[in-house]
Amino acid sequence: MARILFSAHDPAGHTVMDSVDAGNAEQAIASLAARGMANIRLRDVADLIAPRDERSSPPAEPLPLRPLKQQPEPSLRTFSVELLRRQRYWIALAVILLLCAWVLAHKPVLILALGVLLFALLPALWQYRYAMCHDRLLRAIAFGRWADAAALAGQLAGRVRKPMPAFELAARAACICAAQGGLDKARTALEAWRERLHIKAPVAVDQRLAMVSYAAGDYAGFVAACRAAHLAAPADLACRVDLALAEARVGDILAALELLAGLDVRKLPPTRRPFHDWARGMIALRHGRSEALAALGNATRSLQVHAANPAVWVSLAQCTGAYALALAQQGRCDEAEAALRPVWPVLRVHGDRLLLTLLKRELPAASHADDKKRAAARPAG
């Protein structure tokens, strides 16, 4: 007998996603038909986990990762280089005008060139302090330094005027509040934005409510908010992948399978493709299938490319934790510990309860190393 996944319509016309024990596909269909099911579709887990164009590709092994605590803060030089890159056309125009002013000895052209240069550089340079403060906020959230994070969010709140950046900052503040036990207060704060953003960003509030619920450990609320975002924008493939990942991690694995079925990865925004791999890997991991290692390895490697950005650290830690668990379950504990150790200080704060429990059981040395250091650093008494 085998456990065969299926989707079908029950006698009342409702869609059902479940599994049936049967010797083969024909027996499964006969058994379901006898129960009054219609439009029966059997699901092969391996087919849903591995897209056709990836089945013969070698898995991408994650790169050695510097511990997240040691990732350097962005310097003024880094900020300036990025500023010059973004404003290169305005700067080029200013240089051309300066050359014209020098050749023609024309003072008004010189004034115009300087004006263009100031327009291109000064506002962005003025934002450098804001960017550094925001970077420190993301780092504080990643490591669970909630008091520091709340203070930084308060400092930034007075500097933001545009609606979307103000909303994103409010969402960060709500996550900080929820992580400290204020889930209802956090939800109320975000709901106040719903009418204001309904036209411009109809799924934004539900997406951030998902973050807030997860921060509080309300996994049912996390999945429900992802589902609300998907229902509000069913054609948005990013929302579909986010829901599939939420279901695969802490929800209904059959719902995750259904969401990924038939999804064309090529149409996904590049930033969401690692999350598609992550969702496939989690489905395989929960089914105990070896495909988990390749999918989670690809997702982890893709996220590691952005490891210098603290906005990615929480996702990187969670995905790497799942990859380490897949390694450990295949007996590759040394590799699993090496993968887990750099991200553990973030994962221990933001990992879901099931993943953390399994990691502590499979890899006690790696997962407890940072905790022992923290305990040793505390003053006696």
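Preceding block: the structure.
What you are looking at is a predicted structure, and each value in this text was computed from that prediction instead of being measured.

Caption draft 1: Region of interest: the overall build of the chain. Helix and strand counts for the chain stand at 21 helices and 3 strands. For the chain, with 381 residues in total, the buried portion stands at 45%. The contacts in the chain between residues at least 6 apart in sequence include a share of 60% that link residues at least 24 apart. When the accessible area of the chain is evaluated, it comes to approximately 20200 Å², of which 58% is carbon and sulfur surface.

Caption draft 2: Broad picture of the layout of surface pockets. Volume-wise, the largest pocket comes out at about 1500 Å³. Met211, Phe275, Ala311, Val314 and Ser315 are, among the 49 residues lining the largest pocket, the residues nearest its centre. Broken down by element, the lining of the largest pocket gets its largest block of residues, 7 residues, from helix H11 (residues 204-215). Of the residues in the lining of the largest pocket, the class split is 31 nonpolar, 10 polar and 8 charged.

Caption draft 3: Region of interest: the nonpolar core. Residues Leu137, Leu296 and Leu359 are the most contacted members of the largest nonpolar core, which totals 92 residues. The element that contributes the greatest number of residues to this core is helix H17 (residues 313-329), accounting for 11 residues. Counting residues in hydrophobic clusters, the runner-up holds 7 residues, among them Phe6, Ala22, Ala28 and Met37.

Caption draft 4: Geometry of the packing of helix H8 (residues 163-179) against helix H9 (residues 183-191). Packing of H8 against H9 brings their axes to within 8 Å, and their N-to-C directions diverge by 170°. The angle between the axes of H8 and H9 places the two elements in the roughly antiparallel class. Contacts between H8 and H9 involve Phe167, Ala170, Ala171, Ala174, Cys177 and Ala178 from the former and Leu183, Lys185, Ala186 and Leu190 from the latter. Split by residue class, the contact of H8 with H9 holds 9 nonpolar, no polar and 1 charged.

Caption draft 5: Just the pattern of salt bridges, in detail. Across all of its chains, the model carries 15 salt bridges by this definition. In this structure, Arg208 and Glu168 form a salt bridge, with 2.9 Å as the shortest nitrogen-oxygen distance. Of this pair, Arg208 sits in helix H11 while Glu168 sits in helix H8, placing them 40 residues apart in sequence. Judged by relative accessible area, which is 18%, Arg208 ranks as buried. Accessibility expressed as a relative area gives 27% for Glu168, which makes it partly exposed.

Caption draft 6: Main features of helix H14 (residues 253-260). A large share of H14 lies buried, amounting to 7 of its 8 residues. If you check which residues of H14 are buried, you get Ile253, Leu254, Ala255, Ala256, Leu257, Leu259 and Leu260. Capping the start of H14 is the job of one residue whose side-chain oxygen sits 2.9 Å from the backbone nitrogen of Leu254: Asp252.

Caption draft 7: Structural view of the side chain of Thr300. As for its position among the elements, Thr300 is in helix H16 (residues 291-304). Under the relative-accessibility criterion, Thr300 is labelled buried at 0%. In contact with Thr300, other than residues within four places in its own chain, are Pro62, Leu316, Cys319, Thr320 and Tyr323.

Caption draft 8: Layout of the packing of aromatic side chains. This structure, assessed with the given rule, holds 5 aromatic pairs. Taking the centre distance of 5.5 Å and the plane angle of 50° together, the rings of Tyr214 and Tyr219 count as tilted. Of the two residues, Tyr214 and Tyr219, both sit in the buried class. Each member of the aromatic cluster is reached from another via a ring pair, and the members are Tyr214, Tyr219 and Phe222. The residue whose ring lies beneath Arg272 is Phe275, and the NZ or CZ to ring-centre distance is 4.0 Å.

Caption draft 9: Highlighting the packing of helix H15 (residues 273-286) against H16. Packing of H15 against H16 leaves a shortest axis separation of 8 Å and a crossing angle of 150°. Looking at the two axes, H15 sits roughly antiparallel to H16. Handedness of the H15/H16 crossing: left-handed. Along its contact with H15, which presents Pro274, Phe275, Asp277, Trp278, Arg280, Gly281, Met282, Ala284 and Leu285, the element H16 presents Glu291, Ala292, Ala295, Leu296, Asn298, Ala299, Ser302 and Leu303.

Caption draft 10: Spotlight on the side chain of His230. Positionally, His230 belongs in helix H12 (residues 219-232). For His230, a relative accessible area of 14% translates into the label buried. In contact with His230, other than residues within four places in its own chain, are Cys239, Arg240, Leu243 and Leu259.

Caption draft 11: Seen up close, the state of the cysteines. Under the counting rule described, the total for this entry stands at 0 disulfides. In this structure Cys226 is not part of a disulfide, and its nearest cysteine sulfur, from Cys239, lies 8.7 Å away. Cys226 gets classed as buried once you look at its relative accessible area, which sits at 10%.

Basis of the calculations
The numbers attached to residues start from 1 for each chain and follow its sequence in the written order. Per-residue local features of the predicted model are confined to residues with pLDDT of at least 70, and side-chain atom pairs are confined, for both listing and counting, to 80 or more; whole-chain, interface and lining totals are unaffected and use all residues. With hydrogens and water set aside, each side-chain value is computed from the structure's full complement of heavy atoms. Numbering goes from the N terminus for both helices and strands, where a helix is a DSSP run of H or I of at least four residues and a strand is a run of E of at least two. Between buried and exposed lies partly exposed: a residue is buried under 20% and exposed over 50% of the maximum accessible area for its type, with that area taken using a 1.4 Å probe on protein chains only. Contacts are assigned to residue pairs that have any heavy atoms within 4.5 Å of one another. Here the open area of atoms and residues is found with the Shrake-Rupley method and a 1.4 Å probe, where only the protein chains shown may cover a residue. Buriedness for pockets is judged along seven lines, at least five of which must meet protein on both sides within 12 Å for an open set on the 1 Å grid over protein atoms alone, while cavities are sets there where a 1.4 Å probe fits but cannot get out, and lining residues have an atom within 4 Å of a point. Grid points are joined across faces, edges and corners, and a volume is the space filled by probe spheres set on the points. In this classification, the charged set is Asp, Glu, Lys and Arg, the nonpolar set is Ala, Val, Leu, Ile, Met, Phe, Trp, Tyr, Cys and Pro, and all remaining amino acids, among them Gly, are polar. Among buried residues, the Ala, Val, Leu, Ile, Met, Phe, Trp, Tyr and Cys ones that are joined through side-chain atoms within 4.5 Å form a nonpolar core. A fitted line through C-alpha atoms serves as each axis, taken over the contacting stretch for helices, and the angle formed by two N-to-C directions is quoted from 0 to 180°. Note on angle classes: values under 35 degrees are labelled roughly parallel, values over 145 roughly antiparallel, values of 65 to 115 roughly perpendicular, and the remainder oblique. A pairing counts as a salt bridge when a side-chain nitrogen of Lys or Arg comes within 4 Å of a carboxyl oxygen of Asp or Glu. Contacts described as polar in this section are N or O atom pairs within 3.5 Å, which, within protein, must combine one atom able to donate a hydrogen with one able to accept it, while residues neighboring in sequence count only if both atoms come from side chains. The criterion for an aromatic pair is that two Phe, Tyr or Trp rings (for Trp, the six-membered ring) have centres within 6.5 Å, with stacked assigned to planes under 30 degrees apart, edge-to-face to planes over 60 apart and tilted to the rest. Two conditions define a charge sitting above a ring: the NZ of Lys or the CZ of Arg must be within 6 Å of the ring centre, and it must be within 35 degrees of the ring normal. If you view the pair so one helix is near and one far, a crossing is left-handed when the near helix is turned anticlockwise from the far one by less than a right angle, and right-handed when it is turned clockwise. Two cysteine sulfur atoms make up a disulfide if the distance between them is within 2.5 Å.

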